[in-house]
Amino acid sequence: MEAGAGAEARGRPEISLRAARPRYGEKVIKGLLVLAAFISVLTTTGIVLSLVEETIVFLGDVPIGDFLFGTDWSPLINPPSFGVLPLVSGTFVVGLIAMLVATPLGLGAAIYLSEYARPGVRKTIKPILELLAGVPTIVFGYFALTFFTPEVLQALFGNSIQIFNGLAAGVIVGFLVIPTVASISEDAMSAVPQSLREGAFGLGGSKLQVTMRVVFPAALSGIVASLVLAMSRAVGETMVVLIAGGLQPQWGLNVGESMQTMTAFIAATGKGDIATGSTAYKTVFAVGMALFLITLVLNMFSIRVVRKYRQVYE
Amino acid sequence: MSAHGETVAAPRGEAVGRPAASRRVKDAAFRLGMLVCLGLAILLLGVLLWDVAVDGADRLSLDFITSFASINADQAGIQAALTGTLWLMAVCAAFIIPVGVATAIYLEEYADNTKWYNRLVEVNIQNLAAVPSIVYGILGLAFLVRGPLSLGPVILAGGLTLGLLVLPVVIIAGREAIRAVPPSIREGSMALGATQWQTIWRQVLPAAVPGIATGVILSLSRAIGETAPLIVVGAATFVAFNPEGLDSNFTAMPIQIFDWISRPSNDVNDYRPLAAAGILLLMILLLAMNSVAIWLRNRFEQKW
């Protein structure tokens, strides 16, 4: 077939690079591929549609001011109260504790792997960190509830720590997102060209100075992106906070007590058997909408940071 | 590179007349601090595995794998959850392999990067990869279990929800594998008169298969460890039968483990060891899948 097309082209004075006969098969295949790519767009549309639709119904029952600024979340008891702030504050307190753990540990691990570890060590350690990332979150939840709270936290702080508490959830979620911080930051630091380090050493910098004043700033966009992405993961994490964080929303900062997050509320309430159109059903979508928007902002911010501030080296 | 840096740095510092000793101490302390950070992360992984192993090792037996759910902790097993997980994995694979690979091919081989709609697809996939898994559960509940498709809380709905969740991972891995095939292969094929699709199907894809397969296995192992979306989709917690088809109600290993964790335990019925044994079995399954993925990557990796 191709040979035929070539011979025809040779016969004519003007050489056309187009196939003599249009290949409909090729077009059909391309169409199918576009269709597949469209599924991912459809997924986003589906998520947004399902959330928006029920959220609008929900906001028809509950004034938006009461939802966004109310400090009492008890939607399923009588009389119900729909202030989402306790869930939001719980989510962010757990997220912040997680980042307090993940930022130093993740960045420390990244700096060690990128700047200090020998290639052999790096080759063995990186898969172990990836293994940590591959452990299902329910395992971390089990660990937080049956080991970390009773054996570590209650041993250290005694009775001020209840069996379900925000602190254990936060710390364990922090460990959960260490691989996110470590692996993206390590990639960013490894991508800093060797010539920058050599230049700094040539000017008399010590290893510490070169690492902290040259490599770290040069990789900052990747590092910030890794931290924002880790925060987004911490906010969206469900199983650890559901198992270890408790089911009682709290408008306060007592991390020793139960602290329900947005994800935990959704999982605890939306158990699949709730009646369509019921109050519980609608609250799941409204809280889901708020959660989706928060993580969307964090994700877009992280993508932006990488795009805008990425140093391009030749 | 690090060894090189240190040998240059130390004499320089002394030559300038800085207090070399304090500087060296500072450097060493910093290095130690970074090592401690790394060590803590790995230590936690170790303690976690040890804790689960201690709690669950006694309970993990053939009886545990072949028994169904029971309110008597002594007789309960994980069979329905194990078969449920295998069914979910099959549905998920049947969905993500064609769709994920097709999307990756389109984005790498056909899409014109300057067009806004192609960039939209790309940013969209990046974003989807970071959407919390429980939001996919809400999507599954609203669109698959109820609403337009109204499948009910069945295997098909659960598998597709997990498929949508890990689809971005498959696409990203697939794109990397396809991009790693050098352009010269494509040009050679085209120069011999092959069409674009013939080039992709007979040259690019076979070369990219190991990378794609690795991505698919890793995605599946992420999918079967997910709990939150299945809770929302409505996986059952007490199931005493194996699923018989796509329209069968189901439970899955993480769901069963979650159920055991959240049951109040007492002296007669202690569900904790059951949960730990379930976790061990799940981790063994994941480890096996990951080993296959690593083996594939090492065995068939092509250096061009």
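It should be emphasised that the depicted structure is a prediction, and the values quoted were computed from it without experimental measurement.

Secondary structure assignment for chain A yields 13 helices and 2 strands. In terms of overall dimensions, chain A has C-alpha extents of about 90 × 65 × 35 Å along its principal axes. Classification of the 314 residues of chain A by burial places 48% in the buried group. Here the analysis covers contacts within chain A between residues at least 6 apart in sequence; of these, 73% occur between residues at least 24 apart.

Let us now look at the overall build of chain B. For chain B, the count of helices and strands is 12 helices and 0 strands. Along chain B, helices (α) and strands (β) appear in the sequence α-α-α-α-α-α-α-α-α-α-α-α when read from the amino end. Counting only C-alpha atoms, chain B reaches 75 × 65 × 35 Å along its principal axes. Looking at chain B as a whole, 45% of its 304 residues qualify as buried. Taking contacts inside chain B between residues at least 6 apart in sequence as the whole, the part at least 24 apart equals 75%.

Right, let's get into the environment of Y106 of chain B. Mapped onto the elements, Y106 of chain B comes out in helix 4 (residues 79-110). A residue is classified by how many C-beta atoms lie within 10 Å of it, and Y106 of chain B, with 23 of them, is buried. For the pair Y106 of chain B and N118 of chain B, spaced 12 residues apart in sequence, the C-alpha to C-alpha distance is 9.6 Å. Setting aside its immediate chain neighbours within four residues, Y106 of chain B contacts L33, V34, A36 and A37 of chain A together with A111 of chain B.

Let's shift gears to the environment of L227 of chain A. All names here are of chain A. Along the chain, the position of L227 falls in helix 10 (residues 220-236). The class of L227 is buried, set by 22 C-beta atoms lying within 10 Å. Along the chain, L227 and S185 lie 42 residues apart, while their C-alpha atoms are 8.6 Å from each other. Those residues in contact with L227 that lie beyond four places of it in its chain are T103 and V181.

What follows covers the interface of chain A and chain B. Taken together, the contacts link 77 residues of chain A with 77 residues of chain B. When residues in the side of chain A that touches chain B are grouped by element, the largest group, 17 residues, is from helix 2 (residues 24-61) of chain A. Taken together, the residues of the side of chain A that touches chain B sort by class into 46 nonpolar, 22 polar and 9 charged.

What follows is about the packing of helix 4 (residues 85-116) of chain A against helix 2 (residues 20-56) of chain B. One can describe the packing of helix 4 of chain A onto helix 2 of chain B by two numbers: an axis separation of 7 Å at closest approach and a directional angle of 115°. Here helix 4 of chain A and helix 2 of chain B pass one another in a crossing that is left-handed. Contact residues: P104, L105, G108, A109, I111, Y112, L113 and Y116 of chain A in helix 4 of chain A; R31, G33, M34, L35, C37, L38, L40 and A41 of chain B in helix 2 of chain B. Considered class by class, the residues forming the contact of helix 4 of chain A with helix 2 of chain B number 13 nonpolar, 2 polar and 1 charged.

Residues and elements named next belong to chain A. Running from N to C, helix 6 (residues 137-157) and helix 7 (residues 166-190) point in directions that differ by 130°, and their axes come no closer than 9 Å. In terms of orientation, helix 6 and helix 7 fall into the oblique class. In the packing of helix 6 onto helix 7, the handedness of the crossing is right-handed. Residue-level inspection shows T137, F140, F143, A144, F148, T149 and L153 of helix 6 in contact with helix 7, the latter providing L167, A168, A169, V171, I172 and L176. Classifying every residue of the contact of helix 6 with helix 7 by side-chain character gives 11 nonpolar, 2 polar and no charged.

We now examine the domain arrangement of chain A. When the parts come together, some accessible area is lost, and that loss is often what is quoted as the size of the interface. With domains assigned, chain A is organised as domain 1 (18-61) and domain 2 (74-309). Contacts between the two partners involve 6 residues from domain 1 of chain A, matched on the other side by 7 residues from domain 2 of chain A.

All names here are of chain B. Mean pLDDT over chain B stands at 88; residues scoring 70 or higher make up 93%. Predicted confidence for residues 1-15 stays below pLDDT 50, and this span has 20 contacts to residues more than four positions away or in other chains. Predicted complex metrics record ipTM = 0.87 and pTM = 0.88.

What follows covers the domain arrangement of chain B. All names here are of chain B. When its domains are assigned, chain B resolves into domain 1 (2-56) and domain 2 (62-300). Relative to domain 2, the C-alpha centre of domain 1 lies at a distance of 38 Å. Taken together, the 4 residues of domain 1 in the interface contact 6 residues of domain 2. Residues belonging to the side of domain 1 that touches domain 2 are distributed by class as follows: 2 nonpolar, 1 polar and 1 charged.

Here we take up the environment of L296 of chain A. Counting through the fold element by element, L296 of chain A comes out in helix 13 (residues 279-309). Expressed as a C-alpha distance, the spacing of L296 of chain A and A168 of chain A, which sit 128 residues apart in the sequence, is 26 Å.

So, on to helix 9 (residues 207-218) of chain A. All names here are of chain A. Between its first and last C-alpha atoms helix 9 spans 15 Å; for 12 residues at 1.5 Å apiece the expected length is 16 Å, and the two agree. Within the sequence span of helix 9, burial applies to K207, V210, T211 and V215. Buried residues of helix 9 fall within an arc of 95° about the axis and therefore sit on the same side. Along helix 9, the residues that are exposed and aim more than 90 degrees away from the buried face are R213 and P217.

Let us now look at unusual backbone geometry. Its identity as a non-glycine residue notwithstanding, S150 of chain B has a phi of 45°, on the positive side. Checked against the element boundaries, S150 of chain B lands in the loop between helix 6 (133-145) and helix 7 (155-179).

Reading the values: rules and limits
Residues numbered from 1 in each chain as written. Chains lettered and ligands numbered in written order. Predicted model: local features only at pLDDT ≥ 70, side-chain atom pairs only at ≥ 80, totals over all residues. Helix = DSSP H or I, 4+ residues; strand = E, 2+ residues; numbered from the N terminus. Buried ≥ 20, exposed ≤ 12 C-beta atoms within 10 Å, placed from the backbone. Contact = placed C-beta atoms within 7 Å. Nonpolar A, V, L, I, M, F, W, Y, C, P; charged D, E, K, R; others polar. Axes fitted to C-alpha atoms, helices over the stretch in contact; angles between N-to-C directions. Left-handed = near helix turned anticlockwise from the far one by under 90°. Parallel < 35°, antiparallel > 145°, perpendicular 65-115°, else oblique. Domains from an automatic or database assignment. pLDDT = per-residue confidence, 0-100. Expected span 1.5 Å × (residues − 1). Arc of directions from axis to C-beta.

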